[in-house]
Amino acid sequence: MERKYLTPGVMTTPGRSVAGLPADFGGVASVLHGLCIHEFLLGMYGVDKVDTSTVHVRRASALLDAVVERDPRPLDVAREPGERLATNCRGFTVLAVAMLRAQGVPARARCGFGAYFTPGFYGDHWVVEYYEDGRWKRGDAQIDAVQRETFGVDFDLGDLPEGAFLTGGEAWELFRRGEADPSKFGLTSQNIGGDWWIAGNLVRDVAAMDNVEALPWDCWDPMPEPDASFDYEIFDHLDATEVPDTVYNAVRDRVEAFT
């Protein structure tokens, strides 16, 4: 299983040498904090406006190309906040996965929900899973010192505690057991969420575990429409580590359009 996540995928090929960069999660996250800025968090850094077109870029190679086109200095040289590449949690995650794999560390992207942004709410989020010390750890490559203080994060961002982040599948299981309110899963900035959002992130996580990290707003069957009624049983049998062939083939055929 670990070897599958050592080889760069179509989204996680860096496209340029990352030799000399840190080979540990914390070091990689620190590098990315100096290269990227979250499109929704500009004000935390005193930035009014940046070009946000790069949030639609899927591949790590193209993201790094955009960084170097703006500033040709080495990647481990931090840019000023207003000069950083605009992206989101998925962008931070895909770049971290690309850099870790290039340095020989098994890593993969996970799509789900973070519980540490708004109290009582699970916000749409992506994190990294990387293999270290004989186990898979979850790390948040987006959160830096500024965000840590703003969000009141007091735990290790390189080894997230249980429940801090839920994959789409984990959130779906909680919902189906009656242990979670689906309206509390979604996007806090737009005050939207629901069972359909959980189901969507479950499918995106399945794709990510197959090395195709779609954008957060990429949608395809069997993802339900917002607030629409849908067959829960389809998603009860959809798991990121053991996908039924019929569902797997449908997911795989659709995500090929993103590659």
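Here goes a summary of the coordinates provided. Quick caveat: nothing in here was measured; it's all calculated off a predicted structure.

Below, the discussion takes up the overall build of the protein. A count of helical and extended segments in the protein gives eight helices and eight strands. In terms of C-alpha radius of gyration, the protein reaches 17 Å, essentially the compact-globule figure of 18 Å for 259 residues. Counting only C-alpha atoms and orienting by the principal axes, one finds that the protein spans roughly 50 × 35 × 35 Å. Here the protein holds 259 residues, and the buried ones make up 54% of them. Within the protein, residue pairs in contact and separated by at least 24 positions form 69% of the contacts whose partners lie at least 6 positions apart. Just so you have it, the protein exposes about 11600 Å², and 48% of that area is on carbon and sulfur atoms. Looking at the protein, you have 24 positive and 42 negative side-chain charges, and the mean spots of the two groups are 5 Å apart.

Counting through the fold element by element, Ala23 comes out in the segment before α1 (25-33). Classification of Ala23 as partly exposed rests on a relative accessible area of 43%. A C-alpha to C-alpha distance of 5.5 Å links Ala23 and Gln103, two positions 80 residues apart in sequence. Among residues more than four places away in sequence, those in contact with Ala23 are Leu100, Gln103 and Val105.

With that out of the way, let us pick up the nonpolar core. Of all hydrophobic cores here, the largest spans 34 residues; its most connected members are Leu32, Leu35, Met99, Leu100, Val128 and Ala141. Of all the secondary-structure elements, those providing two or more residues to this core are α1, α2 (60-70), α3 (89-102), β3 (107-118) and β4 (121-132). Ranked by residues supplied to this core, first place goes to α3 with nine residues. Leu35 has contacts with Val67, Leu75, Val77, Arg79, Arg84, Leu85 and Met99, leaving out every residue within four places of it along the chain. Counting residues in hydrophobic clusters, the runner-up holds 23 residues, among them Leu166, Trp196, Val203 and Phe230.

Across all of its chains, the model carries 16 aromatic pairs by this definition. Look at Phe117 and Phe151: their rings are 5.1 Å apart centre to centre, the planes differ by 90°, and that puts the pair in the edge-to-face class. With Phe117 in strand β3 and Phe151 in helix α4 (residues 145-151), the pair connects residues that are 34 residues apart, well separated along the chain. With a relative accessible area of 19%, Phe117 lands in the buried category.

Of note, the amide linkage connecting Asp221 to Pro222 takes the cis form, showing an omega dihedral of 10°. A positive phi is found at Asn191, a non-glycine position, where the angle reads about 55°. Checked against the element boundaries, Asn191 lands in the loop between β7 (185-187) and β8 (192-193).

Oppositely charged side chains can pair when the atoms bearing their charge come close. By the definition in use, this model includes 17 salt bridges. A salt bridge links Glu132 to Lys137; its shortest N-O distance comes to 2.7 Å. Two residues, Asp133 and Lys137, come together in a salt bridge whose shortest N-O distance is 3.1 Å. By sharing partners, the salt bridges in this structure join Arg108, Arg110, Glu129, Arg138, Glu170 and Asp205 into a single network.

Bringing the state of the cysteines into the picture now. Using the criterion set out here, one finds zero disulfides in the structure. Cysteine Cys111 is unpaired, with the sulfur of Cys89 as its nearest cysteine sulfur at 7.9 Å. The class of Cys111 is buried, set by a relative accessible area of 0%.

Attention now moves to the side chain of Asp205. For Asp205, the position within the fold is in helix α6 (residues 195-209). At 2.7 Å, the side chain of Asp205 and the side chain of Arg110 are in polar contact.

Attention now moves to the side chain of Thr93. Considering the arrangement of structural elements, one finds Thr93 in helix α3. With a relative accessible area of 1%, Thr93 lands in the buried category. Residues contacting Thr93, with those up to four places away along its chain left out, are Ala109, Trp126, Val127 and Val128.

A few words on the pairing of strand β5 (residues 135-139). Two strands pair when backbone bridges link them, and β4 and β5 are joined in this way by five bridges, in the antiparallel orientation. Considered in β5, the bridge of Val128 is made with Gly139. In this antiparallel pair of consecutive strands, β4 and β5, the connection spans two residues, and Asp133 shows a positive phi of 55°.

About the criteria used
- Residues numbered from 1 in each chain as written.
- Predicted model: local features only at pLDDT ≥ 70, side-chain atom pairs only at ≥ 80, totals over all residues.
- Heavy atoms only, no water.
- Helix = DSSP H or I, 4+ residues; strand = E, 2+ residues; numbered from the N terminus.
- Rg over C-alpha atoms; globule rule 2.2 N^0.38 Å.
- Buried < 20%, exposed > 50% of the residue type's maximum accessible area, 1.4 Å probe, protein only.
- Contact = heavy atoms within 4.5 Å.
- Areas by Shrake-Rupley, 256 points an atom, 1.4 Å probe, with all protein chains shown as cover.
- Lys, Arg positive; Asp, Glu negative; His and termini not counted.
- Charge placed at Lys NZ, Arg CZ, Asp CG, Glu CD.
- Core = buried A, V, L, I, M, F, W, Y, C linked by side-chain atoms within 4.5 Å.
- Phe/Tyr/Trp six-rings, centres within 6.5 Å; stacked < 30°, edge-to-face > 60°.
- Salt bridge = Lys/Arg side-chain N within 4 Å of Asp/Glu carboxyl O.
- Disulfide = S-S within 2.5 Å.
- Polar contact = N/O pair within 3.5 Å; in protein donor to acceptor, adjacent residues only side chain to side chain.
- Pairing = 2+ DSSP bridges.

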